[in-house]
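Residue strings, one per chain:
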Amino acid sequence: MSEEKKLTLGLFYCQHTPESSELDRQSLEEKYGKSIRLFPVPCSGRIEPIHFLRALEELTDVAYVITCPEGECQYFEGNLWAKKRVQRTKEIIESIGLGGDRIGIVMNSKENPRSLAVLADEIMENIIHLKPSPVLNPYR
Amino acid sequence: MPAKYMIHTQTAPNRFKPFTKSGIIAWTEGCLGCRACVKKQCVYRVYINRGLDTKQMIDSIDNQCMNCLRCVQGCPMELIHKSINPEYAALGDSHWTPDIIAQLWDQAETGKIPVSGSGYSGPFSGPGFDSMWTDMSEIVRPTRDGIHGREYISTGIDLGGTPRHLTFTDSGDLESDQALLVNIPLPIILRIPFFGSCGKDIIKGWAMAARGLGTFLALPNEMIKGELVDFKENLIPIISPGQHCSGDGLEGVRLVEVPWEKNCKDISQKIKQAHPSVLISCRTPLVRGVEERVLSIVDSGVSIVCLEGSSWGQSMDDNSIFLKDIIRSIHLALVENGMRDEVTILASGGLAMAEHVAKSIICGADGVVIDFPILIALECRMCGRCTKGLPCPVEIDQAEPSWVASRVINLLGAWHNQLLEVMGAMGIRDVRRLRGEAGRAIFFEDLDRNTFGSLGKIGEGYELE
Ligand code: SF4
Ligand code: SF4
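Residues numbered from 1 in each chain as written. Chains lettered and ligands numbered in written order. Predicted model: local features only at pLDDT ≥ 70, side-chain atom pairs only at ≥ 80, totals over all residues. Heavy atoms only, no water.

A. The arrangement of the overall build of chain A in detail. Helix and strand content of chain A: four helices and four strands. In sequence order, the secondary structure elements of chain A are arranged as β-α-β-α-β-α-β-α. Computed over the C-alpha atoms, the radius of gyration of chain A is 15 Å, within 12% of the 14 Å expected from 2.2 N^0.38 for a compact globule of 140 residues. Each of the three principal axes of chain A carries a C-alpha extent, and together these read 50 × 35 × 25 Å. Counting only residues that meet the buried cut, chain A has 51% of its 140 residues in that class. Restricting the contact set of chain A to residue pairs at least 6 apart, pairs at least 24 apart contribute 77%. Carbon and sulfur atoms make up 52% of the accessible area of chain A, which amounts to about 7300 Å² in all. Averaged over its 18 positive side-chain charges, chain A has a centre that lies 4 Å from the centre of its 21 negative ones. (Helix = DSSP H or I, 4+ residues; strand = E, 2+ residues; numbered from the N terminus. Rg over C-alpha atoms; globule rule 2.2 N^0.38 Å. Buried < 20%, exposed > 50% of the residue type's maximum accessible area, 1.4 Å probe, protein only. Contact = heavy atoms within 4.5 Å. Areas by Shrake-Rupley, 256 points an atom, 1.4 Å probe, with all protein chains shown as cover. Lys, Arg positive; Asp, Glu negative; His and termini not counted. Charge placed at Lys NZ, Arg CZ, Asp CG, Glu CD.)

Written as C-alpha cells, this is what we have:
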C-alpha cells in the first residue's frame, strides 16, 4: 500500500514580509516538512507566469505568492504586476483544465500586517481541499 | 632542496547553482518595445540565454549577470532594477558571511584565487583579523623568477618540538633523544566540523584530500574504521574527553589529538609508551588564563598544542577577545619562558579565509587547523538545517568521495597560492620565518592608540564634530 500523497505548496514570498527571516523559514519547514517549499524573492513582481508553471510542473501541487500591502512595494508597482500575472497564469492553467485554484496570491495588509507563519497557515487552510496535481512530474 | 610543493587543481563543478549576491527585476508591463532594447544589448547575452533551474527556482538571469548595470541605466522606462538576493543575504551568519561563503564556493570550484575586480570597496578595518594589515613592501620588487614559477618559497612546517639543548656523551655521541618531527608541506590541517550533513563518503573524500595534499585530517578516533583505516597515515584520531585510551588501535598513525583535561597527561604517557613514534597534540579551548595552561602542557613534554577558539574566531568565554590576540599572548609567553621551540602551536576556530592562515602565523602560530571551510567547499550554506533534522538543501551526503576530494584540494590550492602571494609580497621565503613576525604587520588597535590615544576619551554627552 502506498502512503497517501501529501499536498505540496510552493510559496514565493516578498523578502519584506514580516517575520520572514531564515530562522522563521526553517521553523515553517520544521512544521510542514516536505509539504512546503519556500522561496524568498526580492520583490513579488519578480515572479512571472513561467515561475508558477514550472513550479506546478516540477515542484509542487500548488503555488502561491505573498506580496507587500498595496502601495508599499519597494519597487513601486511590483505587487500590482504580481496580481496581474497570477490572474494570467490562472487563465492559462484553466485553459488546460487544471483548475485555477492551484495558483494564488495573498496581499499583506497595511493595517493588519501578518507574519510569514500566519500567512502560510492561512494558505495551507485554503488549499487543503485540493487533490494532488495530475501534472506534477512524479520523477522530480 | 626538496621538490617544489604544488597543488594540482582541476575544476570541480558545483552540484547546485550557487546563490548570487544580486538579482534582476525586470518588468514587462509598460514596455515600449524599443527596437534596440537594452536586453538585446547585454554583452553577456543574459536575457537571450535565460533559463530557470526548477530544483531551486533560480533564474539564470541572476547567475549570469555581471553587474555592469548597463541594462538598468539604459531602459528609457526604468523597468529594470537590480536588488539584493534574499537567499544570498540569508547565508551563514555575522562571521561566516555570505561573501566569505560565496568566495569559498568559488575557490573550491575553480581552485583559483578570488578576484573581486579593480579596487577595494570594503572597510579598511574591522574586528578580529580584519584589524591586521600585513607589510607588503616587497610587492614593488617582484622576484625575478616569479613566486609561482622557479622562485622557491617553502610553506612546509614541522610538527613537534625541538629539545631545549643537546647533550653529548664523553665520546662525543649524541645523548639526548632525537627530536620527533613530522613535516607537512602546507601549514594547514583539516578537521571534521562539528556539524554538517556528512556521511561515510564525505569523510572518505576529506581523507583523500588530506592524503593528496600531504597533510592530515583530524576526526574522532571511533570514526576510523572500514575504508578509512587505509588512510591512517594522514589521519589524526581525536580521543574524546573522558575516553579511556591505552594506545590500542593507534598502529600506523603518526599523530594523536588528546583534549586538555585532568588526566590528559596520563593518556599521553600511555600512548607514548605503547607507540613511542606517535606525536601527541593536546587541544585546549581558548579561555581566560590559557597562557598558563599552555606553559604547563609544554612543560609536561607535549610537543604540539592545538588552540581551539570559537567558530566565530573568538575566545570561548569572552567574545570581545579575538583569536589573533590570544595567539599573540601565548606565543609571547612561550618566548619569554624560553620554550617556544619546544612546541608547535596550531590555531583553530573560525578560520575562514586564506589570509587568516597567514595572519595566525604572523601572530605566532606555526600552523592552523580548519574545519568549516572544508564543509563549505562542498556547497554548504551554513544554514544549520542538519542540526535540526531538516534535509540538507544541497544534499551534501549524496556527494561522491572523489568530488569531495577535488573540491577540498581546489580550495587549499587557492589558499596555498594566496599564502605564496602574501609571503612573496613580504619578502619571506619560508613560512617558518613568518611565525611571530608581528613587526611585519600593523594592528589597528595599536595604530589607533598611538595616533589618538593622547587625546583622551570623549566625555559623555559630547560628540565629535
Ligand atoms: S546588468 Fe549588465 S550583465 Fe547584467 S543583465 Fe544587465 S546588461 Fe547584462
Ligand atoms: S547546507 Fe545546511 S544542512 Fe547542509 S550541511 Fe550545510 S549547514 Fe548542514
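B. Layout of the pattern of salt bridges. Taken as a whole and assessed by the stated rule, the structure comprises 32 salt bridges over all chains. Between R25 of chain A and E87 of chain B there is a salt bridge whose closest N-O contact spans 2.8 Å. Separated into two different chains, R25 of chain A in helix α1 (residues 22-32) and E87 of chain B in helix α4 (residues 86-89) make up a pair that spans both. Given a relative accessible area of 10%, R25 of chain A falls into the buried group. Of the residues examined, E87 of chain B reaches a relative accessible area of 10% and is grouped as buried. Across the pair R50 of chain B and D59 of chain B runs a salt bridge, and its minimum N-O distance is 2.6 Å. What makes D59 of chain B buried here is its relative accessible area of 2%. Here the salt bridges share partners, and the residues they tie into one network are E22, R25 and E29 of chain A together with E87 and R385 of chain B. (Salt bridge = Lys/Arg side-chain N within 4 Å of Asp/Glu carboxyl O.)

C. Region of the structure containing a nonpolar patch on the surface. All names here are of chain B. Where nonpolar side chains cluster on the molecular surface, the patch consists of V43, Y44 and M66 and spans about 330 Å² of accessible area. Within the secondary structure layout, Y44 lies in the loop between α1 (38-41) and β2 (52-53). With relative accessibility at 41%, the residue Y44 sits in the partly exposed group. (Patch = residues over 30% accessible without salt bridge, like charges linked within 9 Å, V, L, I, M, F, W, Y side chains within 5 Å.)

D. Expanded view of helix α4 (residues 116-127) of chain A. The end-to-end C-alpha distance of α4 of chain A, which contains 12 residues, comes to 16 Å, matching closely the 16 Å that a straight helix rising 1.5 Å per residue would cover. Check the buried side of α4 of chain A and you find it contacts β1 (9-14), α1, β2 (36-41), β3 (62-67) and β4 (103-107) of chain A. (Expected span 1.5 Å × (residues − 1).)

E. The interface of chain A and chain B, seen in detail. Each side of the interface is counted separately: chain A has 28 residues, and chain B has 26 residues. Of the roughly 2400 Å² buried where chain A meets chain B, counting both sides, 54% is carbon and sulfur surface. Contact with chain B buries area across many residues of chain A, yet Q26, R46 and Y75 of chain A alone supply 25% of it, more than any other trio. If you look at where chain A meets chain B, you find eight salt bridges. (Buried area = accessible area lost by both parts, 1.4 Å probe.)

F. Inspection of the side chain of S154 of chain B at higher detail. Residue and element names in this part refer to chain B. For S154, the location among the structural elements is in the loop between α6 (146-150) and β6 (157-159). Of note is the side chain of S154, whose polar atom sits 3.2 Å from the backbone nitrogen of G156. Apart from the residues lying within four places of it in its own chain, the contact partners of S154 are M423, R429, D430, V431 and R432. (Polar contact = N/O pair within 3.5 Å; in protein donor to acceptor, adjacent residues only side chain to side chain.)

G. Expanded view of the site of ligand 2. The environment of ligand 2 is made up of 14 residues, and the closest members are C380, C383, G384, C386 and C392 of chain B. Split into classes, the residues belonging to the shell around ligand 2 amount to nine nonpolar, three polar and two charged. (Near = heavy atom within 4 Å. Nonpolar A, V, L, I, M, F, W, Y, C, P; charged D, E, K, R; others polar.)

H. Expanded view of the pairing of strand β1 (residues 22-26) of chain B. Residues and elements named next belong to chain B. For β1, the tally of buried residues reaches five of five residues, placing the bulk of the element in the interior. Neither face of β1 is open: one carries S22, I24 and A26, the other G23 and I25, and all of them are buried. The pairing of β1 with strand β4 (residues 80-84) spans five bridges and is classified as antiparallel. Along β4, the bridge assignment pairs I24 with K82. (Pairing = 2+ DSSP bridges.)

I. Up close: the nonpolar core. Core analysis: the largest hydrophobic core is formed by 112 residues, its most contacted members being L159 and W206 of chain B. In terms of residue count, the dominant contributor to this core is helix α13 (residues 401-426) of chain B (13 residues). In contact with W206 of chain B, other than residues within four places in its own chain, are L190, I192, P193, C198, L217, I374, L375, L378, V404 and V408 of chain B. Membership of the second largest hydrophobic core comes to 19 residues, among which are Y13, Y64, L119 and L130 of chain A. (Core = buried A, V, L, I, M, F, W, Y, C linked by side-chain atoms within 4.5 Å.)

J. How the structure looks around the side chain of S281 of chain B. Residue and element names in this part refer to chain B. Tracing the sequence through the fold places S281 in strand β12 (residues 279-285). When its relative accessible area of 3% is taken as the criterion, S281 is described as buried. Those residues in contact with S281 that lie beyond four places of it in its chain are L255, V256, E257, V258, I304 and C306.

K. The arrangement of the packing of aromatic side chains in detail. Residue and element names in this part refer to chain B. Scanning the model with the defined rule gives seven aromatic pairs over all chains in all. Relative to F444, the ring of W133 lies with its centre 6.2 Å away and its plane at 70 degrees, an arrangement referred to as edge-to-face. Of the two residues, W133 sits in strand β5 (residues 132-134) while F444 sits in helix α15 (residues 444-452), which places them 311 residues apart along the sequence. The exposure class assigned to W133 is partly exposed, which follows from its relative accessible area of 29%. Take F444: its relative accessible area is 32%, and that puts it in the partly exposed class. Seen in terms of ring centroids, F194 and F372 are 5.4 Å apart; in terms of plane orientation they differ by 75 degrees. Their pairing is edge-to-face. In this pair, F194 sits in the loop between β8 (188-191) and α7 (200-213) while F372 sits in helix α12 (residues 372-376), placing the two residues 178 residues apart along the sequence. The exposure class assigned to F372 is buried, which follows from its relative accessible area of 1%. Among the aromatic residues, those joined into a ring-pair cluster are W96, F194, F195 and F372. Here R328 stacks its cationic end above the ring of F443, 3.8 Å away from the centre of that ring. (Phe/Tyr/Trp six-rings, centres within 6.5 Å; stacked < 30°, edge-to-face > 60°. Lys NZ or Arg CZ within 6 Å of the ring centre and 35° of its normal.)

L. Up close: the domain arrangement of chain B. Domains assigned within chain B are domain 1 (22-90) and domain 2 (147-447). Each of domain 1 of chain B and domain 2 of chain B has a C-alpha centre, and these two points are 45 Å apart. (Domains from an automatic or database assignment.)

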